[in-house]
Amino acid sequence: MDGAELIERLRREGGFRLLPLLGNTGQVAGVHLTRFLPGGHLDVIQAWDERWAVWARLPDTPDLGSPFAGPVGGAFRSGPLARVVAPLLPIQSGIVSGAE
């Protein structure tokens, strides 16, 4: 399964919304996916290509006193796209093993 198929499954089955990820030149450099979870958390995935992506689960509680500071707490993972998204979506067996 390639990156485009994984992204489509994240959108269709995982409830993620998709936006372009812009580079510092303003051109599309990858994808930015987000979803809100029950219990007040936010999942964010940024993928530049199939070899490099990052995921973070953050509390959905903005600090109005410092709105541009990063949230406290949360979890993250980075690496190949298939490995990063494996815990977020039921992936068919054999896909993650090829990325390790």
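Described in the following lines is the structure provided in the data block. Since this is a predicted model, take the numbers as computed values, not measurements.

Rules used throughout
Residues numbered from 1 in each chain as written. Predicted model: local features only at pLDDT ≥ 70, side-chain atom pairs only at ≥ 80, totals over all residues. Heavy atoms only, no water. Pairing = 2+ DSSP bridges. Helix = DSSP H or I, 4+ residues; strand = E, 2+ residues; numbered from the N terminus. Buried < 20%, exposed > 50% of the residue type's maximum accessible area, 1.4 Å probe, protein only. Core = buried A, V, L, I, M, F, W, Y, C linked by side-chain atoms within 4.5 Å. Axes fitted to C-alpha atoms, helices over the stretch in contact; angles between N-to-C directions. Contact = heavy atoms within 4.5 Å.

### Some details on the pairing of strand S4 (residues 52-59)
In this structure, strand S3 (residues 41-49) lies alongside S4, joined through eight bridges in antiparallel fashion. Within the sheet, the bridge partner assigned to Val44 lies in S4 and is Ala56. Of the strand pairs in this sheet, S4 and strand S5 (residues 75-79) are connected by five bridges, and their pairing is antiparallel. Counterpart to Ala53 in the pairing with S5 is Gly79.

### Description of the environment of Val85
You can see Val85 is positioned in helix H2 (residues 81-85). Taking relative accessible area as the criterion, Val85 reaches 0% and is therefore assigned buried. Counting along the chain gives 31 residues from Val85 to Val54, while the straight-line C-alpha distance between them is 8.9 Å.

### Some thoughts on the nonpolar core
Residues Leu10, Phe16, Leu33, Ile45, Leu81 and Val85 are the most contacted members of the largest nonpolar core, which totals 16 residues. Those elements that place two or more of their residues in this core are helix H1 (3-12), strand S2 (28-37), S3, S4 and H2. Ranked by the residues each element gives to this core, the list is headed by H2, at four residues.

### Let's talk about the sheet that holds S3
If you trace the five strands from one edge of the open sheet to the other, you get S1-S2-S3-S4-S5, paired in antiparallel fashion. The open sheet has two edge strands with one neighbour each: strand S1 (17-22) and S5. Sheet twist, expressed as the average angle between the axes of neighbouring strands with direction ignored, equals 15°. Bridge analysis of S1 against S2 gives six bridges, and the strand direction is antiparallel. Following the sheet pairing, Arg17 is matched in S2 by Thr34. Set on the sheet, H1 makes contact with S1, S2 and S3; between it and S2 the angle comes to about 25°.

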